[in-house]
Amino acid sequence: MLLVCRFTVAETGVEAFIGRVDRALALLTAQPGCRRGGLSRSTDEADRFVLTVEFDSVVAYRRALSPFEVREHVIPLLSEASTDEPAAYEPLLVAADGAVRREVSLLAHDAGTVRLGEAAGPTTPR
């Protein structure tokens, strides 16, 4: 699972923001199932940043957000991200060393049509 959070940060707050993200990445990447994370800055607009964190699964992502220290430092940071685009993605194609592998979706085929309490489980992936 890939978490993608976009931020717009005023120039006067960049160093404080980077410090907060540094702490958040240290906490998240110390959690089981968190593969890697990073912060990138736009080369076109200096006030735009993107935080990406990769997890083994949705379950690993949810568990990584559970410890108190993570909830204390990471959740407030994530709540400041832009909300006009989705933040959680699942991989479809994974490539390395010239080889491409297609991943099976973990979402149930009817995930977009059922309400809470109606879905029985991901029996037919997308």
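As shown above, the structure is provided for reference.
All values derive from a computational prediction rather than experimental measurement.

Caption draft 1: Summary view of the packing of helix α1 (residues 14-29) against helix α3 (residues 68-78). Running from N to C, α1 and α3 cross one another at 135 degrees; their axes reach a closest spacing of 9 Å. Our classification of the angle between α1 and α3 gives oblique. α3 is crossed by α1, and the crossing has left-handed handedness. Contacts between α1 and α3 pair Phe17, Arg20, Val21, Arg23, Ala24, Leu27 and Leu28 from the former with Glu69, Val70, His73, Val74, Pro76 and Leu77 from the latter.

Caption draft 2: Examining the pattern of salt bridges more closely. One pass over the structure, following the stated rule, counts ten salt bridges. In this structure, arginine 23 engages glutamate 69 in a salt bridge whose closest nitrogen and oxygen atoms are separated by 2.2 Å. Remark: glutamate 69 occurs in helix α3 and arginine 23 occurs in helix α1; sequence separation between them is 46 residues. The class for glutamate 69 is partly exposed, based on a relative accessible area of 37%.

Caption draft 3: Region of the structure containing the pairing of strand β3 (residues 48-55). The side-chain alternation of β3 yields one buried face, formed by Phe49, Leu51, Val53 and Phe55, and one unburied face, formed by Arg48, Val50, Thr52 and Glu54. Here seven bridges tie strand β1 (residues 2-8) to β3, and the two strands are oriented antiparallel to one another. Note on β3: the bridge partner recorded for phenylalanine 7 is phenylalanine 49. Taken together, the seven bridges between strand β2 (residues 34-41) and β3 define a ladder with antiparallel strand orientation. Opposite arginine 36, over in β3, you have glutamate 54 as the bridge partner. Hairpin connection from β2 to β3: six residues lie between these consecutive antiparallel strands.

Caption draft 4: Structural detail: the pairing of strand β5 (residues 93-96). In this structure, β5 lies alongside strand β6 (residues 99-102), joined through four bridges in antiparallel fashion. What sits directly across from leucine 93, in β6, is arginine 102. Here β5 folds back onto β6, and the loop between the two strands holds two residues, one of which, aspartate 97, carries a positive phi near 55 degrees.

Conventions adopted
Residues numbered from 1 in each chain as written. Predicted model: local features only at pLDDT ≥ 70, side-chain atom pairs only at ≥ 80, totals over all residues. Heavy atoms only, no water. Axes fitted to C-alpha atoms, helices over the stretch in contact; angles between N-to-C directions. Helix = DSSP H or I, 4+ residues; strand = E, 2+ residues; numbered from the N terminus. Parallel < 35°, antiparallel > 145°, perpendicular 65-115°, else oblique. Left-handed = near helix turned anticlockwise from the far one by under 90°. Contact = heavy atoms within 4.5 Å. Salt bridge = Lys/Arg side-chain N within 4 Å of Asp/Glu carboxyl O. Buried < 20%, exposed > 50% of the residue type's maximum accessible area, 1.4 Å probe, protein only. Pairing = 2+ DSSP bridges.

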